[in-house]
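# Understanding the architecture of this molecule
Listed below are the residues making up each chain.
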Amino acid sequence: MIQVGVNGYGTIGKRVADAIRAQPDMAVAGVAKTSPNFEAKVALERGYPLYAVDGERTAAFEEAGFDLSGTVDELVAESDVVVDATPAGIGAENAELYREHDTPAIFQGGEDADVAEVSFNARASYEAARGADTARVVSCNTTGLSRLFAPIAEAYGIEKARVTLVRRGGDPGQTNRGPINDTLPDPVEIPSHHGPDLNTVFPDLDVDTMGMKVPATLMHTHSVNVTLESEADAESVRELLDAESRLFVLPPELDIDGAGKLKEFAQDAGRPRGDCWENCIWGDSITVEGRDLYLFQAIHQEADVVPENVDAVRAVADTADREESTTLTEDALGLDGRIGGALRDPTARSPAVADGGRDDD
Ligand SMILES: NC(=O)C1=CN([C@@H]2O[C@H](COP(=O)(O)OP(=O)(O)OC[C@H]3O[C@@H](n4cnc5c(N)ncnc54)[C@H](OP(=O)(O)O)[C@@H]3O)[C@@H](O)[C@H]2O)C=CC1
Ligand SMILES: O=C(OP(=O)(O)O)[C@H](O)COP(=O)(O)O
């Protein structure tokens with residue numbers, strides 16, 4: 001069993017902890033937070049040992065009636081691998097602690113690329129992370145684009161890619177985020193940070209990205225244009241993408257017009273928290289004109305990096321190759337590349353549903 005500490009139990013950390021717990025070869029050593037809020041209560045109810053970020057915070061947890069197992073320093077000492085899911089910039093501050101303990105660490109996309117040896121995407125850079133001391137799971141948007149570009153580059157070659165990213169303003173619980181009544185070029189500079197970030201995964205990819213922020217919380221939407229190096233047709237591209245386990249090519253008969261129905265579908269299908277771990281590509285949007293491919297995809301920002309974090313743990317622990325790890329991850333989560341797979345077989349519920357994961361306590 002790989003003992004995994006999760007430092008930062010917010011939007012990403014709580015999902016990663018549940019996904020780790022669902023794996024047959026991993027256990028959650030504990031989770032760490034700064035404040036004794038509802039997520040601390042959920043962590044304890046799910047049976048995760050709870051740690052405070054430092055000794056100064058322990059009194060607040062105790063006053064709120066939450067039992068602590070210690071501080072982050074002790075959590076790192078208990079862990080074979082740490083997943084750092086703290087807010088952007090805090091991960092870099094924590095890097096020294098992980099080094100001191102000689103504990104391999106996985107960082108998130110809010111950190112600069114130089115926080116880690118490898119920019120990680122399971123489809124594109126798994127092998128580069130094997131046995132590394134540090135890896136950074138690239139951001140939700142970069143993860144979504146890496147999953148898309150890897151098979152396209154292998155099958156057709158990419159001469160040039162152009163992406164407009166229509167980004168959600170904040171996550172559903174982030175009441176301090178916006179915009180609430182505007183559509184912003186964000187960042188206004190071109191390329192947005194996503195293009196250079198993609199180049200940390202695909203050094204030779206010629207890609208331009210433009211970012212926006214809009215008053216939405218559910219998902220990001222990407223408008224993608226790829227000039228291919230060789231001829232293709234829409235049907236063969238659809239088949240290529242449909243064969244990828246972390247890409248869900250939406251069939252038109254589902255009549256899903258946006259992120260709202262996607263989330264509803266995921267909830268109806270029994271996905272924990274209504275999470276869409278896969279990229280959701282509108283099949284009808286896949287169009288090829290000459291060597292130009294066009295499509296729209298939705299990225300559930302809270303969810304797509306979750307299976308990637310699980311694979312990153314196996315990569316740095318060097319316990320499995322890419323094929324073994326991604327298969328294990330997907331089987332344990334019930335990630336079927338369809339979202340509605342569970343609907344077709346009512347007895348086949350995701351093991352990660354309802355109780356937060358595998359019950360091995
Ligand atoms: N949200 C998203 O859509 C995505 C986020 N990411 C990246 O993932 C990372 C985490 O983001 P997200 O989950 O949204 O962040 P959240 O703010 O939702 O969660 C952060 C967690 O870290 C805890 N925390 C705060 N400060 C510290 C600290 N000094 N040490 C340890 N823990 C601390 C918080 O605890 P408490 O609440 O008690 O203060 C909270 O549990 C960032 O790098 C982000 O860029 C990547 C993809 C998508
Ligand atoms: O990593 C993300 O987005 P990004 O790829 O646009 O930087 C996550 O959606 C978090 O972004 P945020 O910094 O807008 O919360």
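Residues numbered from 1 in each chain as written. Chains lettered and ligands numbered in written order. Predicted model: local features only at pLDDT ≥ 70, side-chain atom pairs only at ≥ 80, totals over all residues. Heavy atoms only, no water.

Turning our attention to helix α10 (residues 259-268). Taken residue by residue, α10 has Ala259, Leu262, Lys263, Phe265 and Ala266 as its buried positions. Across the axial projection of α10, the buried residues extend over an arc of 160°, all falling on one side. (Buried < 20%, exposed > 50% of the residue type's maximum accessible area, 1.4 Å probe, protein only. Helix = DSSP H or I, 4+ residues; strand = E, 2+ residues; numbered from the N terminus. Arc of directions from axis to C-beta.)

On to the site of ligand 1, then. Residues in close proximity to ligand 1 total 21 residues, the closest being Tyr9, Lys33, Thr34, Ser35 and Asp171. One nitrogen or oxygen atom from the main chain of threonine 11 is found 3.0 Å from an oxygen atom belonging to ligand 1. Starting from 900 Å² of accessible surface for ligand 1 in isolation, the protein chains cover 81%. Grouping the amino acids of the shell around ligand 1 by side-chain chemistry returns 8 nonpolar, 10 polar and 3 charged. (Near = heavy atom within 4 Å. Polar contact = N/O pair within 3.5 Å; in protein donor to acceptor, adjacent residues only side chain to side chain. Areas by Shrake-Rupley, 256 points an atom, 1.4 Å probe, with all protein chains shown as cover. Nonpolar A, V, L, I, M, F, W, Y, C, P; charged D, E, K, R; others polar.)

What follows covers the confidence of the model for the chain. The predicted structure's coordinates, where accompanied by low pLDDT, should not be read in detail. Here the chain shows a mean pLDDT of 94. Residues at 70 or above account for 94%. Of the two predicted TM-score estimates for the complex, the pTM is 0.95 and the ipTM is 0.96. (pLDDT = per-residue confidence, 0-100.)

The next point concerns the packing of aromatic side chains. Going through the model one piece at a time under the given rule, you end up with 4 aromatic pairs. Taken together, a centroid distance of 5.9 Å and an interplanar angle of 50° make the contact between tyrosine 98 and phenylalanine 107 tilted. Residues tyrosine 98 and phenylalanine 107 agree in their burial class; the two are buried. (Phe/Tyr/Trp six-rings, centres within 6.5 Å; stacked < 30°, edge-to-face > 60°.)

The next thing to look at is the side chain of arginine 314. Tracing the chain through its elements places arginine 314 in helix α11 (residues 305-317). Side chain to side chain, arginine 314 and aspartate 25 meet in a polar contact 2.7 Å long. Separated by 3.0 Å, the side chains of arginine 314 and serine 325 make a polar contact. When near neighbours in sequence (up to four residues on either side) are disregarded, arginine 314 contacts Gln23, Asp25, Met26, Tyr126, Thr319, Ala320, Ser325, Leu328 and Thr329. (Contact = heavy atoms within 4.5 Å.)

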